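Okay, here's what each chain looks like letter by letter:
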Amino acid sequence: MLYGPEQQKLQKALGTEKLAERVAEAIVVTELNEQHQNFIASRELFFLTTVDHRGYPTCSYKGGNPGFVKVLDNKTLLFPSYDGNGMFLSMGNINENNKVGLLFIDFETPHRVRVHGTATIEKNSGLLAESFEAELIVRVSVTEAFVNCPRYIHQYQRIATSKYVPQAGRVTPVPQWKRIDAIQDCLPEKDKLSVAALGEPISPENYAELLQKGEG
């Protein structure tokens, strides 16, 4: 059932019970159809929702090259987890509670697809070699998918791919936040040489200035 008691209570109060039931019947499916698959495979970003150990929902932006989310079949999606800030909020949440939501958006058309499923993390998957610089692979078993009305999606034009997205054949730049002086003693060994090559450590205030210029 897509709707629980609280959704149904609001539907009844606002007179949308029949509409909500009809919409769910029309759009919610238990596997990815061809249109869903083609759309997801063309995306360069999506938003991932997970739930932490305290019950708080966590919404995370995930970006990569177009097609970085792979459609294995009509019930399975794969996506890479790249180097981040070491917190592993979403990945840890998946280990705690494997239910996830994924929102794929095209801001230019506009268009969007929502996916619900259960996820597992693969640390030693052979698929890591197929996703350049991925640290982990997430496998999502799809339980629900549906297209959402795009009328409130503001229309934006895509300008460029982030320079930090891993690209085969070139060295991925080191993010400036790793130069902040207060975290130098906490950096993993694999980061220390590349961070030192960027120059002297910077203060949090220096980093805030870089962020304002879009250089973070």
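The coordinates are above.
Now for a quick tour of the structure. (Residues numbered from 1 in each chain as written. Predicted model: local features only at pLDDT ≥ 70, side-chain atom pairs only at ≥ 80, totals over all residues. Heavy atoms only, no water.)

## Considering empty space enclosed by the protein
Working step 1: What the rule picks out here adds up to one cavity of 30 Å³ or more.
Working step 2: Approximately 50 Å³ is the volume found for the largest cavity.
Working step 3: Around the largest cavity, the lining residues are Phe68, Lys70, Leu78, Phe79, Pro80, Leu127, Glu130, Ser131 and Ile137.
Working step 4: Among the elements that make up the lining of the largest cavity, the one with the highest residue count is strand 4 (residues 76-81) (three residues). (1 Å grid on protein atoms, 1.4 Å probe; cavity = no way out; pocket = protein on both sides within 12 Å on 5 of 7 lines; lining within 4 Å. Points joined across faces, edges and corners; volume = space filled by probe spheres on them. Helix = DSSP H or I, 4+ residues; strand = E, 2+ residues; numbered from the N terminus.)

## Here we look at the pattern of salt bridges
Working step 1: Counted according to the given criterion, the structure contains nine salt bridges.
Working step 2: In this structure, Lys190 engages Asp83 in a salt bridge whose closest nitrogen and oxygen atoms are separated by 3.4 Å. Residue Lys190 is found in helix 5 (residues 189-196), and its partner Asp83 is found in the loop between strand 4 and helix 4 (89-96); the two are separated by 107 residues along the sequence.
Working step 3: Residue Lys190 is classed as exposed on the basis of its relative accessible area of 55%.
Working step 4: Taking the shortest distance from any N to any O, the salt bridge between Glu122 and Arg139 comes out at 2.6 Å. In this pair, Glu122 sits in strand 6 (residues 111-122) while Arg139 sits in strand 7 (residues 136-147), placing the two residues 17 residues apart along the sequence.
Working step 5: Looking at Glu122, the relative accessible area reads 18%, which means it is buried.
Working step 6: Using a relative accessible area of 25% as the deciding quantity, one classes Arg139 as partly exposed.
Working step 7: Each of Asp83, Lys178, Lys190 and Asp191 takes part in one network of salt bridges that share partners. (Salt bridge = Lys/Arg side-chain N within 4 Å of Asp/Glu carboxyl O. Buried < 20%, exposed > 50% of the residue type's maximum accessible area, 1.4 Å probe, protein only.)

None of this, on its own, says anything about what the molecule does.
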